[in-house]
Amino acid sequence: MSKGPGLYTDIGKKARDLLYKDYQTDQKFTLTTISDTGVAITSAGTKKGDLFLADVNTQLKNRNVTTDIKVDTNSNLFTTLTLDQPAPGVKAILSFRVPDQRSGKVELQYLHDYAGISSSIGLTANPVINLSGVLGTNALALGTDLSFDTKTGNFTKCNAGFSFSNADLIASLALNEKGDSVNASYYHIVNPFTAVGAELTHSFSTNENTITVGTQHALDEKTTIKARVNNAGKASALVQHEWRPKSLFTVSGEVDSKAIDKSAKVGFALALKP
């Protein structure tokens, strides 16, 4: 296990990754090239039905400063500057999007053996302020995540979470949407090749439950299969193969058992990296 409790976004992350990461019903292609000077250029294209989306991302690292510049097919320019370790355990992030003048944001992260803090503020006249913090260790952590809109004077987000971990399992419980919903997740390593996970979300306002369970298994060092099903009757599966170092080919599919007459959704992703 890693040292320290991490950030608030790490609570329940293992279960979320097992249940949702890499599943898709679109077609995606990603190609990354690295120049002799260390500049990494990533081109990505995604086909969603009849719509095709593409973007180009350029990443430049100079000592402890990383600059990411991305342009998409909608003529949006995304820029992120990351300053790593200006002080022990600290990371500073500046991000903005052109032409959206209200998108600028500054974020500070601090990781300690017994704490993880993240704060951000929008670069506007009446910014939204975000603050999250976690106290504990890599085995037991308790945290909260808050957002405050200075224009309206209201809290737009107020969440709290708890996580327990040991060598082979991670369990978490989170209260979200200002106390309107509760989320419980569980991740368990069955053996070195197999892991299982589950997530339960209950909404107090609608009295609805959403349950998702899944598993992943490593067939060998380069091939992984995953499967999941939820209480709405949707079942998904994927196969991911690392056919060369850092280059992945993924095929995934989804079937709705309550609408079996409809065709299954199938997607694939190809990521090529040097």
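Keep in mind it's a predicted model, so treat the numbers as computed, not measured. Along each chain, residues carry numbers from 1 onward, in the same order as the chain's sequence is written. Restriction of local features to residues with pLDDT of at least 70 applies here, the model being predicted, together with a cutoff of 80 or more for giving and counting side-chain atom pairs; totals for whole chains, interfaces and linings are based on all residues. Side-chain numbers come from the whole structure's heavy atoms, not from hydrogens or water.

Go over the side chain of threonine 46 with me, naming the residues and quoting the values.
Every helix listed is a DSSP run of H or I at least four residues long, and every strand listed is a run of E at least two residues long, numbered separately from the N terminus. Here threonine 46 is to be found in strand β2 (residues 40–48). Exposed residues in this analysis have more than 50% of their type's maximum accessible area, buried residues have under 20%, and partly exposed residues fall in between, with area computed by a 1.4 Å probe over protein chains only. Taking relative accessible area as the criterion, threonine 46 reaches 13% and is therefore assigned buried. Any two residues having at least one pair of non-hydrogen atoms within 4.5 Å are treated as being in contact. Discounting residues that sit within four places of it in the chain, threonine 46 has contacts with Asp26, Gln27, Lys28, Leu51, Phe52 and Leu53.

So, the pairing of strand β3 (residues 51–62): which residues are in play, and what are the values?
Only when DSSP finds a minimum of two bridges between them are two strands counted as paired. Bridge count between β2 and β3: 9 bridges; the pairing is antiparallel. Looking at β3, one finds that lysine 48 is bridged to leucine 51. Hairpin geometry of β2 and β3 is characterised by an intervening segment of 2 residues between the two adjacent antiparallel strands and by a positive phi of about 65° at glycine 49. Of the strand pairs in this sheet, β3 and strand β4 (residues 65–72) are connected by 8 bridges, and their pairing is antiparallel. The partner of asparagine 57 across the bridge, within β4, is lysine 70. Once β3 ends, the chain turns through 2 residues before running back antiparallel as β4, passing arginine 63 with a positive phi of about 60°.

Describe the pairing of strand β8 (residues 115–122), listing the residues and the values that go with them.
Of the pairings in the sheet, the one linking strand β7 (residues 105–112) to β8 comprises 8 bridges and is antiparallel in character. Bridge pairing in β8 links leucine 108 to serine 119. Two successive antiparallel strands, β7 and β8, enclose a turn made up of 2 residues. What sits between the antiparallel neighbours β8 and strand β9 (residues 128–136) is a turn of 5 residues.

Pulling in residues and values, what's your account of the environment of phenylalanine 164?
Looking at the element boundaries, phenylalanine 164 is found in strand β11 (residues 154–165). What makes phenylalanine 164 partly exposed here is its relative accessible area of 37%. Separated by 22 residues in sequence, phenylalanine 164 and tyrosine 186 place their C-alpha atoms 9.7 Å apart.

Residue-level account of helix α1 (residues 13–20), with values.
Among the residues making up α1, those that are buried are Ala15, Leu18 and Leu19. Around the axis of α1, the buried residues are gathered within 90° of arc, so they sit on the same side. In this structure, the buried residues of α1 make contact with β13 (181–191), β14 (194–203), β15 (208–218) and β16 (223–230). Trailing α1 by a residue or two, aspartate 22 shows a phi angle of about 75°, which is positive. Arc, as used here, means the arc of the directions from the helix axis to the C-beta atoms.

Before we move on, could you go through unusual backbone geometry and cite the residues and values that matter?
The amide bond that connects valine 98 to the next residue, proline 99, takes the cis arrangement and shows omega of 15°. Mapped onto the fold, proline 99 is located in the loop between β6 (90–98) and β7. Even without a glycine there, the phi angle at asparagine 207 is positive, about 60°. Assignment of secondary structure puts asparagine 207 in the loop between β14 and β15. Residue asparagine 207 is classed as exposed on the basis of its relative accessible area, which comes to 59%. Located in the positive-phi region is lysine 246, a residue other than glycine, with phi close to 70°. Turning to its location among the elements, lysine 246 is positioned in the loop between β17 (234–244) and β18 (247–256).

Give me the side chain of serine 203: which residues, what numbers.
Of note, serine 203 is situated in strand β14. What makes serine 203 buried here is its relative accessible area of 16%. Contact partners of serine 203, with chain neighbours within four places excluded, come to Asp180, Ser181 and Glu208.

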